[in-house]
Amino acid sequence: MTLVLGTAQAQVVETSPEVDNSPSGVAMALDLAVARPLGLAVTVLGGVVFIAQLPLDLLGWQSPAAPARKLVMEPARFTFTRPLGDFE
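Below is a short write-up of the structure. Just so you know, these numbers come straight off a predicted model, no measurement behind them.

Turning our eyes to something else, we now look at the side chain of Arg82. Along the chain, Arg82 falls in the segment after helix H3 (65-80). Judged by its relative accessible area of 12%, Arg82 is buried. Not counting residues within four places of it along the chain, the set of residues in contact with Arg82 comprises Asp31, Ala35, Arg36, Arg77 and Phe87.

Attention shifts here to a nonpolar patch on the surface. Taken together, the side chains of Val26, Leu30, Val34 and Leu38 make up a nonpolar region of the molecular surface, amounting to roughly 380 Å² of accessible area. Tracing the sequence through the fold places Val26 in helix H2 (residues 25-59). Take Val26: its relative accessible area is 59%, and that puts it in the exposed class.

Bringing the environment of Gly47 into the picture now. Tracing the backbone shows Gly47 in helix H2. Spatially, the C-alpha atom of Gly47 lies 9.9 Å from that of Pro75, the residues being 28 residues apart in sequence. When sequence neighbours within four positions are dropped, the list of residues in contact with Gly47 reads Leu71 and Val72.

Conventions adopted
- Residues numbered from 1 in each chain as written.
- Predicted model: local features only at pLDDT ≥ 70, side-chain atom pairs only at ≥ 80, totals over all residues.
- Heavy atoms only, no water.
- Helix = DSSP H or I, 4+ residues; strand = E, 2+ residues; numbered from the N terminus.
- Buried < 20%, exposed > 50% of the residue type's maximum accessible area, 1.4 Å probe, protein only.
- Contact = heavy atoms within 4.5 Å.
- Patch = residues over 30% accessible without salt bridge, like charges linked within 9 Å, V, L, I, M, F, W, Y side chains within 5 Å.
- Areas by Shrake-Rupley, 256 points an atom, 1.4 Å probe, with all protein chains shown as cover.
- Salt bridge = Lys/Arg side-chain N within 4 Å of Asp/Glu carboxyl O.

Structure below.
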């Protein structure tokens with residue numbers, strides 16, 4: 001009886017297939033060839049716009065933190081810190 005029950009329990013256990021969530025080679029290649037250079041260009045352009053509007057923020061007694069975050073930091077994170085091929 002023990003042998004039969006042990007065998008029945010062993011048959012119930014199924015191994016779940018592992019899901020590969022890593023980006024494909026095409027996504028990585030497009031990221032390296034297209035998205036990263038565009039991200040660098042947007043970061044530089046955002047820096048120029050931020051520097052140009054900075055005196056207006058300071059004259060209006062406003063904090064430059066929000067424009068800096070939106071114009072420079074977010075594009076820089078997209079370009080330099082996210083994994084290759086990860087667009088989320």
